[in-house]
Amino acid sequence: MDIRIEPMTREQMHEMYQAFQMDPMIFDDMELFEQVKNYIYNPEKVDMLYDMRMDEEGSHLFAVVLDDKVIGEVGLRHNSDETKECELSVHMMNDSVKGKGYGTQAEKLAIDYAFDVLGAESIFAESLIKNARSQHIMEKLGFRYFGENEGFKQYRLVREDRV
């Protein structure tokens, strides 16, 4: 599996969102999903999203790349030199790239980056309570469940528990 992560460019973000499809597993409110499930690519909105993410202090956004094609994004947000913690997030572009281990490999690469490059001591992540696939991946990567908050299961990976 030739997965790599690299700093996201504006062009890569456009490539991802041109093929993006909404995933019902990331919605707790299915009525809201019904309103947005027919995602339509909008270049201006993608530019705004890119600019917002690039301007976010302490954040690192990576393209998930398979055989030179962008298939997702992984982020390390709220990286703090004080707490030595950051927050992990991943979004794969559509069902054609889900369930194949690509997201797991991308998360592992981001975890390595957080610990080895950013000097993090722990990584926070959360998942909607109903998103069992995401929870399974986090647990497989060594994250430990520590609680729930507003419909989300919360996990933490400390350096010593790294897989």
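Residues numbered from 1 in each chain as written. Predicted model: local features only at pLDDT ≥ 70, side-chain atom pairs only at ≥ 80, totals over all residues. Heavy atoms only, no water.

K.L.:
Can you explain the packing of helix H1 (residues 10-18) against helix H3 (residues 43-55)? Please cite residues and give values.
P.N.:
Put simply, H1 and H3 touch, their axes get as near as 10 Å, and they point 130 degrees apart. If you check the angle between H1 and H3, you find them oblique. Crossing angle aside, the handedness with which H1 passes H3 is right-handed. Of the residues in H3, those touching H1 at Arg 10, Met 13, His 14 and Tyr 17 are Pro 43, Val 46, Asp 47, Leu 49, Tyr 50, Asp 51 and Arg 53. Looking at side-chain class alone, the contact of H1 with H3 contains six nonpolar, one polar and four charged residues. (Axes fitted to C-alpha atoms, helices over the stretch in contact; angles between N-to-C directions. Helix = DSSP H or I, 4+ residues; strand = E, 2+ residues; numbered from the N terminus. Parallel < 35°, antiparallel > 145°, perpendicular 65-115°, else oblique. Left-handed = near helix turned anticlockwise from the far one by under 90°. Contact = heavy atoms within 4.5 Å. Nonpolar A, V, L, I, M, F, W, Y, C, P; charged D, E, K, R; others polar.)

K.L.:
Account for helix H5 (residues 132-140), with residues named and values stated.
P.N.:
Those residues of H5 that fall on the buried side of the exposure criterion are Gln 135, Ile 137 and Met 138. What you see down the axis of H5 is that its buried residues fit within an arc of 160 degrees, all on one side. Contact partners of the buried residues in H5: helix H4 (102-116), strand S5 (122-128) and strand S7 (152-158). (Buried < 20%, exposed > 50% of the residue type's maximum accessible area, 1.4 Å probe, protein only. Arc of directions from axis to C-beta.)

K.L.:
Go over the packing of aromatic side chains, please, and point to the residues and values.
P.N.:
The geometry of two aromatic rings is summed up by the distance between their centres and the angle between their planes. All told, the structure shown has four aromatic pairs when counted by the stated rule. For the ring pair Phe 62 and Tyr 113, a centre distance of 4.9 Å and an interplane angle of 70 degrees mean the geometry is edge-to-face. Of this pair, Phe 62 sits in strand S2 (residues 60-66) while Tyr 113 sits in helix H4, placing them 51 residues apart in sequence. On the basis of relative accessible area, Phe 62 is assigned to the buried category, the value being 5%. Seen in terms of ring centroids, Phe 124 and Phe 146 are 6.0 Å apart; in terms of plane orientation they differ by 55 degrees. Their pairing is tilted. Residue Phe 124 is found in strand S5, and its partner Phe 146 is found in strand S6 (residues 144-149); the two are separated by 22 residues along the sequence. Exposure remark for Phe 124: the relative accessible area of 14% places this residue in the buried category. Lying over the aromatic face of Tyr 145, Lys 153 brings its terminal NZ or CZ to 5.6 Å of the ring centre. Arg 156 extends its terminal NZ or CZ atom over the ring of Phe 146, reaching a point 4.6 Å from the ring centre. (Phe/Tyr/Trp six-rings, centres within 6.5 Å; stacked < 30°, edge-to-face > 60°. Lys NZ or Arg CZ within 6 Å of the ring centre and 35° of its normal.)

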